[in-house]
Amino acid sequence: MKCRTPSRTAFLLATALTFSPMAALPVLAQTEAPAITLPSFAPLVKAAKPAVVTVMVKGSAAPAQAPGPEALPGPMREFFERFGGQIPMPQQRQRRVEQGIGSGFIVDADGIIVTNNHVVEGASEIIVRLDDGRELEATLLGRDDKVDIAVLQVEGSEFPVLEWGVSDTAEIGDWAMAIGNPFGLGGTVTTGIVSARGRDIGSGPYDDYIQVDAAINKGNSGGPLLDLNGKVIGVNTAIFSPTGGSVGLGFAIPSEQAQEIVAELIEDGSVERGWIGVRIQPVTDEIADSLGLAAADGALVVEVTEGSPAEEAGLKPGDVITTFGSSDVDELRDLTRAVAKAEIGYAVEMSVWRSGAAETVEIAPALLETASLAASSSVVDPAGMGLKLRPLALEEQEALGIQEGLIITGVESGSAAEAGLSEGDVLLSVNQRAVTKPGDLAEAVEAARAANRNALLLQVLQNGTPRFLTVPLPVS
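What you are looking at is a predicted structure, and each value in this text was computed from that prediction instead of being measured.

About the thresholds
In this convention, every chain numbers its residues from 1, walking through the sequence in written order. A pLDDT threshold of at least 70 governs which residues receive local features in this predicted model, and a stricter bar of 80 or more applies before side-chain atom pairs are shown or counted, although totals over entire chains, interfaces and linings include all residues. Calculated side-chain values reflect all of the structure's heavy atoms, with hydrogen atoms and water omitted. If DSSP finds at least two bridges between two strands, the strands pair. Counting from the N terminus, the helices are DSSP H or I runs at least four residues long and the strands are E runs at least two residues long. Buried residues are those whose accessible area, probed at 1.4 Å on protein chains only, stays under 20% of the maximum for their type, while exposed residues exceed 50% and partly exposed ones sit between those limits. Only C-alpha atoms enter the line fits that serve as axes; for helices the fit covers just the stretch in contact. Angles between N-to-C directions range over 0 to 180 degrees. Known as pLDDT, the predictor's per-residue confidence is scaled from 0 to 100. Only heavy atoms enter the contact rule, under which two residues are in contact if any of them lie within 4.5 Å.

The subject of this paragraph is the pairing of strand E22 (residues 406-411). Judged from the five bridges that link them, strand E21 (residues 387-391) and E22 form a sheet pairing that is antiparallel. Its bridge partner being in E22, Lys388 is matched across the sheet by Gly410. Here two bridges tie E22 to strand E23 (residues 426-430), and the two strands are oriented antiparallel to one another. In the sheet register, Leu406 faces E23, and the bridge partner there is Leu427.

This is how it looks when you write it as structure tokens:
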């Protein structure tokens, strides 16, 4: 079989297309593009870099435990017992010192520094290295684990500072510059553009990130994201990466959000957030159509916590919350953020869609931490499985991306612990029945007994991963 040879015409055409680009120039010349002059970031770097710091932390990891006497092989244990020797007892190994490194920036000439909570969480010692090389011991003034902000202070005065900018005016396509300490290299500057706004990456109930393609890597956490005026429009916090390095998906806490939290941490050392006591789920097109809503907006109330502000305000399952105060509720996190920012104990007007019509109710948010403590201390296991349980709070639902389940707050020794259940796991279903309150577990146990089953099939969420476990049926 003969191979086909390209014709001379085809070859010349290919050659012309490959080696004769000048033929296209007259067409391009008809529409001259305006000249674009790219900015130099050098003046901005010179002004901003002195106020960016490296944050170095030391912390103690939990001590490792040596094996106990029961772990000795049988013959060795018998030898010690027969000849009166002392069985070696477990010895506690020295605590391992863990070191971490991140970034931060000075916002007050008296040495007030902003960084991420995850940079300093669990630290026994915090050292700040300034751009001029000085190293100063820092004091933790306060931290917020829900939005990942921490505030430090070092002794001294007349430090260089960065000013807060207005993140709300940053548009997609605007230039942005990050300064920080990636991989411990220190004083590294990267640039890019704002890629997206309002990103929810599932890191917490108040996600509202600015997405940038400026290279952000490990060690950049806590550093500033700057606009072309040298103002801070974000606090660099997270990346999406399959390798651990930058792939152009960096996320920064908007300055509007960060600035409020920083001010509260400086004043009080902690952040107070509102709570109204509802479990909610998104409004789908089908739900909107069934309720007579014009659009699939709002937060659908699934359950109202007993004794909560929501119950006092008369909210009911099936209500759709469409506004809270001056904020429209288009999606769940709109309500979460609005409630969190509300003044504790003061009534707020809320629009609710109920029975085909809009109603206005007044509700006074309670303090979130107080509500969470009350809930966690009052819930016990009614099924005799050695578990302490409570329904998921609103912020936990948002963080986990689920609308129902029971969080395990304690596990007694026994079959549940042996099956692998532990504190912090979320119980999703029992024998393929969803559970939303502790009584559901007791009902599932009774149903299993009636069906002459010997075990329960539990669906749980452990460290963000769903799995099934079997637990022997508790003795009645």
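Read on for the rest.
The two faces of strand E3 (residues 112-115) match: Ile112 and Val114 on one face and Ile113 and Thr115 on the other face are all buried. As paired strands, E3 and strand E6 (residues 149-154) are joined by four bridges and run antiparallel to one another. Across the sheet, the residue bridging to Ile112 is Gln153, located in E6.

A few words now on the sheet that holds strand E12 (residues 250-254). One closed barrel holds the six strands; their spatial order is E7-E8-E9-E12-E11-E10, and the pairing between them is antiparallel. The sheet shows a mean angle of 45° between the axes of neighbouring strands, taken without regard to direction. The pairing of strand E7 (residues 175-180) with strand E10 (residues 224-226) spans two bridges and is classified as antiparallel. When the bridges of E10 are listed, Ala178 appears paired with Leu225.

The bulk of non-glycine residues show a negative phi, and the bulk of peptide bonds are trans. Its identity is not glycine, yet Glu158 carries a phi of approximately 60°, on the positive side. Its place among the elements puts Glu158 in the loop between E6 and E7. When its relative accessible area of 73% is taken as the criterion, Glu158 is described as exposed. In this model, Asn452 sits at a positive phi of 60°, which is unusual for a non-glycine residue. Positionally, Asn452 belongs in the loop between helix H13 (438-450) and strand E25 (455-462). What makes Asn452 exposed here is its relative accessible area of 69%.

For the rest of this paragraph, the subject is the confidence of the model for the protein. This prediction gives the protein a mean pLDDT of 80; 79% of its residues lie at or above 70. With pLDDT under 50 throughout, residues 1-29 is counted as low confidence; its partners more than four residues away or in other chains account for one contact. Every residue in residues 79-96 scores below 50 in pLDDT, and together they form 31 contacts with partners more than four places removed in sequence or on other chains.

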